[in-house]
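# What the coordinates show
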Amino acid sequence: MTAPRLPRLLSLVPYLLAHPGVRVAQAAADFGVGEKQLRRDLELLWMCGLPGYGPGDLVDLSFTGDTVTVTEDAGMRRPLRLTTAEATALLVALRALAEVPGMVDTEVVRRAVAKIEAAVGGADRPAAVAVGIGAREEAATGAVRAALDSGRALRIRYYTASRDVVADRTVDPMRLLLVEGRGYLEAWCRSAEAVRLFRLDRIDRVEELTEPAAPPPSALPTDLSAGLFRPAPEQRVAVLRLNAQARWVGEYYPVDEVVEQDDGGADVRMRFTDDAWMVRLVLGLGGRARVLEPDSLRAAVLDRARQAIAAS
Amino acid sequence: MPGVSSARAERLVNLVLCLLSTRQYLSADRIRTTVPGYADAPTDEAFFRMFERDKAELRDLGVPLETGRLSAFDAVDGYRIARHDYELGDIDLAPDEAAAVALAGRLWDGPELAGAAHRALVKLRAAGVEVDERAGAGVEPRVRATEPAFAPLLAAVQTGRVVTFTHRPHPSAEPRLRTVEPWGVVSWRGRWYLVGHDRDRDDVRCFRVSRIGVPVEASGPAGKVVALAGVDLVGLVRRSAGPPPVTGSARVWVASGRALGLRRVGRVLGPRAHDGRPGEELELELRGRETVARWVAGHGPDVAVLDPPELAAAVGRIWAAAAAAHIEPVPVGGS
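Here the structure is a predicted model, which means the values were calculated and not measured.

Another aspect to go through is the sheet that holds strand β13 (residues 289-293) of chain A. All names here are of chain A. What the four strands build is an open sheet, ordered β11-β12-β10-β13; its pairing is antiparallel. Strands with a single pairing partner mark the edges of an open sheet, and in this sheet they are β11 (255-260) and β13. Averaged over all neighbouring strand pairs, the angle between strand axes comes to 25°, with direction disregarded. Relative to strand β12 (residues 266-272), strand β10 (residues 236-242) runs antiparallel, the two being bridged by seven bridges.

Structure (structure tokens):
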């Protein structure tokens, strides 16, 4: 995203006043542009000034090595106020942060909100946006954040829904994430020897260990830009025909393809890792979902249903 | 250079500096002769076109351009920028507050809000606030808001205006027109909901934002809509979109080492054998028989409902229906 130039030009002189002797590269990074572009901006500002446009009226800059300082500001001492859209985006985000229990220190956020509101002039309306998480997540969020703050490893009891198992694992916490409305612990899992995302509402017990968290250098943070659910080669694909009463499945789980049907149902293409998980889902839907593909999955659902009927 | 050419950018910066430095209103003619760049306009018409465009651009950026006359003797309107309205006030953030602001600045996942938040951070930095983008490392909250209706709904909530939109109760349902006094937008389990007073039904309602069509029309004066005092927006959404309330309890047998997910939501009462197989007896909260029956039935022969009989019957019906639906492969193109 290239930010428009004029707002940057109007902010640049006040920025340099607030950061005397800043490195040009640092200024470029702070504005989110390349160094070359920032130098062009500085050259342009050098031509600007006040009526009269004599030596004392123009913006003046002094360069030393790779740093820059403003020596004449031509009266451009403060940045322009935040627009309504800018103030909204920031204040609503802050309020939303404060609403997520355990994620950040709520008191700190409230102080920041009050100061920014005072500076932009006029408090806007409260509680426009809220981000809610479940009660189970709340409990784990606090414990995980404490471990991150103290930099210690954790032993967690974790429920893996895809395999329907609960197991204890020792992990080296890396980040606390809130993605697509759910909280996750991103950590190096010592038994899997890989970076894993653990859903906070599936962590049943947290025990902080005395040893420090030490993810290996090969443990890279998960790239969240493409969303959480990316196709993995080990995943299998099923095509389900959902009737109207089971149509919600296509919204609740990530699906690759949806073909709407006239009766209010839909055919969906879903990825899954564990056969038993998919059988449980379809079996529980009791005929509201039919497996179109693969046929082995259809046979497995039939088999489980018959066994259940025979045992009851 | 995309957007503004260098010559135009330079002219606009000079125009802002000039109007900031004057207490008097400067007429367009005066600006034409004073501010570098305007003298290039070959005709009066070309100048006015240029000047109109520049004024519009500054106003779009939020520059408070004032129009007026200082005295009755001024023949035409002039322009100035009141420094007090232009400049961002002093902000003194403690390091932990600045870290929270940095976190908020990257909360949004979606172009519109993310862009606006980034521009806000740039201005805060220019005001001397040290907002370190890497601050708050270890915590990474992201909220996606890409639904087309999100921005207009948020704007309506912020300004307190009534909204009218089309809404589908289900993805395949016919859209219906709704008029709502919007109280707030809530993210719950990764989905956005609009919460407000539905005028047509005269009741509080939650609407999935992804099922609200655009355009969203705002009407009436700003500030007209006021949320009920002390209203718990998240609580309203949780009650509307979450599992139904508890209506009783059920006892279920689960085979040893199986149905771990079911055990997590229930309470293990003790060991119990069923049909010669070892296992445990579990107590489950009943929340709408449909949902619990679905959870239980998915585990097939690893579970058996002990009580109540209605739940046992419902689970039995699910198994029978699942078996009937899967006896034969569905022919391609058939239904």
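Counting 135 residues, the largest nonpolar core has A93, L94 and L97 of chain A together with A100 and L153 of chain B as its most contacted members. For this core, the element with the most residues is helix α4 (residues 84-99) of chain A, which contributes 11 residues. Residue contacts for A100 of chain B: discarding those within four places in its chain leaves L94, L97, V104, V108, V109 and A112 of chain A. Core analysis: the next-biggest nonpolar cluster, separate from the first, contains 43 residues, L240, M278 and V279 of chain A together with A325 of chain B among them.

Here the focus is the interface of chain B and chain A. With 101 residues of chain B at the contact, the number on the chain A side is 109 residues. Examined bridge by bridge, strand β4 (residues 129-132) of chain A and strand β8 (residues 176-188) of chain B share four bridges and lie parallel to one another. In the sheet register, V131 of chain A faces β8 of chain B, and the bridge partner there is S187 of chain B.

Further remarks concern the confidence of the model for chain B. Residues shown with low pLDDT carry predicted positions that ought not to be read at fine detail. Predicted confidence across chain B gives a mean pLDDT of 88, with 96% of residues reaching 70 or more. Model confidence for the complex is summarised by a pTM of 0.76, with the ipTM given as 0.75.

The next point concerns the confidence of the model for chain A. Residues of chain A with pLDDT of at least 70 account for 95%, and the chain-wide mean is 88. Taking the mean pLDDT of every element in chain A, the minimum, 73, falls on β4 of chain A and the maximum, 96, on strand β1 (residues 22-23) of chain A.

Turning our eyes to something else, we now look at the domain arrangement of chain B. Split by domain assignment, chain B resolves into domain 1 (6-86), domain 2 (95-144), domain 3 (150-241) and domain 4 (248-325). For domain 1 of chain B and domain 4 of chain B, the distance between their C-alpha centres works out to 76 Å.

Residues and elements named next belong to chain B. Mapped onto the secondary structure, P278 falls in the loop between β13 (267-271) and β14 (279-286). For P278, a count of 11 C-beta atoms within 10 Å gives the class exposed. Each C-alpha atom, one on P278 and one on V143, is 46 Å from the other, the two residues being 135 residues apart in sequence. Filtering out sequence-adjacent residues up to four positions away, P278 remains in contact with S256 and A273.

All names here are of chain B. If you trace the four strands from one edge of the open sheet to the other, you get β13-β14-β12-β15, paired in antiparallel fashion. The sheet terminates laterally at β13 and β15 (303-307), the two strands that pair on one side only. Between one strand axis and the next, the sheet turns by 30° as a mean value, whatever way the strands run. Two strands pair when backbone bridges link them, and β13 and β14 are joined in this way by four bridges, in the antiparallel orientation. Bridge pairing in β14 links G270 to E281. Together, β12 (248-255), β14 and β15 form the strand contacts of helix α10 (residues 289-297), whose direction differs from that of β14 by roughly 155°.

Within a regular beta strand, the side chains point alternately toward one face of the sheet and then the other, so they alternate between its two faces. Residues and elements named next belong to chain A. Counting buried residues along β13, four of its five residues qualify, which places the element largely inside the surrounding structure. Sheet topology places β10 next to β13; four bridges connect them, and they run antiparallel. Along β13, the bridge assignment pairs L242 with A289.

Among the residues making up helix α7 (residues 150-159) of chain B, those that are buried are F150, L153, L154, A156, V157 and Q158 of chain B. Packing partners of the buried residues in α7 of chain B comprise α4 and β4 of chain A together with β7 (162-167), β8, β9 (191-198) and β11 (217-219) of chain B. In the stretch just after α7 of chain B, G160 of chain B is the one whose phi turns positive, near 70°.

With that out of the way, let us pick up helix α9 (residues 295-311) of chain A. Each α-helix winds once per 3.6 residues, and so residues spaced three or four apart point in a common direction. Residue and element names in this part refer to chain A. With 17 residues, α9 ought to run about 24 Å at 1.5 Å a step, and its terminal C-alpha atoms sit 24 Å apart, in line with that. Listed as buried for α9 are L297, R298, V301, L302, R304, A305 and A308. Considered in projection along α9, the buried side chains sweep an arc of 165° and stay on one side of the axis. Seen from the buried face of α9, the exposed residues on the opposite side, beyond 90 degrees, are D295, S296 and A310.

Once that is clear, we can look at unusual backbone geometry. Omega for the peptide link from V214 of chain B to P215 of chain B comes to 0°, which places this bond in the cis form. Relative to the assigned elements, P215 of chain B resides in the loop between β10 (203-208) and β11. Cis geometry is found at the peptide bond from D307 of chain B to P308 of chain B, where omega equals 0°. Positionally, P308 of chain B belongs in the loop between β15 and α11 (309-325). The residue A74 of chain A is not glycine, and still its phi comes out positive at about 55°. Residue D275 of chain B is not a glycine yet carries a positive backbone phi of 55°.

Cut-offs used in this document
Residues numbered from 1 in each chain as written. Chains lettered and ligands numbered in written order. Predicted model: local features only at pLDDT ≥ 70, side-chain atom pairs only at ≥ 80, totals over all residues. Pairing = 2+ DSSP bridges. Helix = DSSP H or I, 4+ residues; strand = E, 2+ residues; numbered from the N terminus. Axes fitted to C-alpha atoms, helices over the stretch in contact; angles between N-to-C directions. Core = buried A, V, L, I, M, F, W, Y, C linked by C-beta atoms within 7 Å. Buried ≥ 20, exposed ≤ 12 C-beta atoms within 10 Å, placed from the backbone. Contact = placed C-beta atoms within 7 Å. pLDDT = per-residue confidence, 0-100. Domains from an automatic or database assignment. Expected span 1.5 Å × (residues − 1). Arc of directions from axis to C-beta.

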